[in-house]
Amino acid sequence: MGLLDILLGRTKPVLPDLDQLFALPSAAVTLQAAAGFTPTGQGAVCFATVEGAAFEQTHREVQALLDADADREGPPVELSRDSYGYSWLVSRRSPDQLPELVNDLHAVNSAMEVNGFGPQLLCSLAGFHDDSGRRLALVYLYKRGTFYPFAPLAGRQQRRDNPLELRVKAVLADDLRIEPDLSRWFPVWGAPGL
């Protein structure tokens, strides 16, 4: 970073650190003890869809790799698109298999990155819920290398439970690298895996 960058207020972009995903299982223990949220066993990776044979080949390889897992219970990994045109690769595991789910998310991100599609990666999320039916996602922002909580309100059209999100932020401050800029806590309405 040069003097001109400092004078113009430009900052060096944060490099993605996919190993941050491996902190999710220990954060889940803290989240359950402090707030009563447990994993749903569902997670997803969101990326901007790219047309072309190389991208399709990478997508097929990732899906085949994850579907070949003999320990997987339930449906295989699936690809879906949201109403905004983004693609989601969704993985489903049993709720007690959060480490395996994290491995799935890491494998998808790594394969996309290695094949030159890192710029298309947007976020990854792991779903949680509590006994009263509240839902929560811990969202990893690929380009920032940070997490944030997203808690949609049940029965409300695109409304968030902001007090819960801030409480989860405080609870997980020692477990995860939490995104400090709240304006980057983007809602992921209708995200599969949540």
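Every value quoted in this text rests on a predicted model; they were computed, and no experiment measured them.

What counts, and where the lines are drawn
- Residues numbered from 1 in each chain as written.
- Predicted model: local features only at pLDDT ≥ 70, side-chain atom pairs only at ≥ 80, totals over all residues.
- Heavy atoms only, no water.
- Buried < 20%, exposed > 50% of the residue type's maximum accessible area, 1.4 Å probe, protein only.
- Helix = DSSP H or I, 4+ residues; strand = E, 2+ residues; numbered from the N terminus.
- Pairing = 2+ DSSP bridges.
- Core = buried A, V, L, I, M, F, W, Y, C linked by side-chain atoms within 4.5 Å.
- Expected span 1.5 Å × (residues − 1).
- Arc of directions from axis to C-beta.
- Contact = heavy atoms within 4.5 Å.
- Axes fitted to C-alpha atoms, helices over the stretch in contact; angles between N-to-C directions.

A. Representation of the pairing of strand S5 (residues 135-141) within the structure. Across the 7 residues of S5, 6 count as buried, placing the element largely inside the fold. Pairing analysis gives 5 bridges linking S5 to strand S6 (residues 146-150), with the strands arranged antiparallel. Each bridged residue has a counterpart across the sheet, and for Ala137 the counterpart in S6 is Phe150. Joining the antiparallel neighbours S5 and S6 is a turn of 4 residues, in which Gly145 adopts a positive phi near 70°.

B. Representation of the nonpolar core within the structure. Counting 53 residues, the largest nonpolar core has Leu31, Trp88, Phe128, Leu176 and Val188 as its most contacted members. Considering each element in turn, this core owes the most residues, 7 residues, to helix H4 (residues 98-114).

C. Local environment of helix H3 (residues 53-67). Between its terminal C-alpha atoms H3 stretches 21 Å, which fits the 21 Å expected from 15 residues at 1.5 Å a residue. Of the residues making up H3, those classed as buried are Phe55, Thr58, His59, Val62, Gln63 and Leu66. Projection of H3 onto a plane perpendicular to its axis shows the buried side chains occupying an angular sector of 130°, all on one side. Those residues of H3 that are exposed and angled more than 90 degrees off the buried face are Ala53, Ala54 and Leu65. For H3, the elements touching its buried residues are strand S1 (38-48), strand S2 (78-81), strand S3 (86-92) and H4.

D. Representation of the sheet that holds S3 in the model. Strand order in the open sheet made by the 6 strands is S2-S3-S1-S4-S5-S6, with antiparallel pairing throughout. The open sheet has two free edges, formed respectively by S2 and S6, since each of these has just one partner strand. Across the sheet, the mean angle from the axis of one strand to that of its neighbour is 25°, orientation sign disregarded. The sheet contacts of H3 involve S1, S2 and S3, and relative to S2 the element is tilted by about 135°. Set on the sheet, H4 makes contact with S1, S3 and strand S4 (121-129); between it and S1 the angle comes to about 5°.

Bear in mind that shape data such as this cannot, by itself, settle questions of function.
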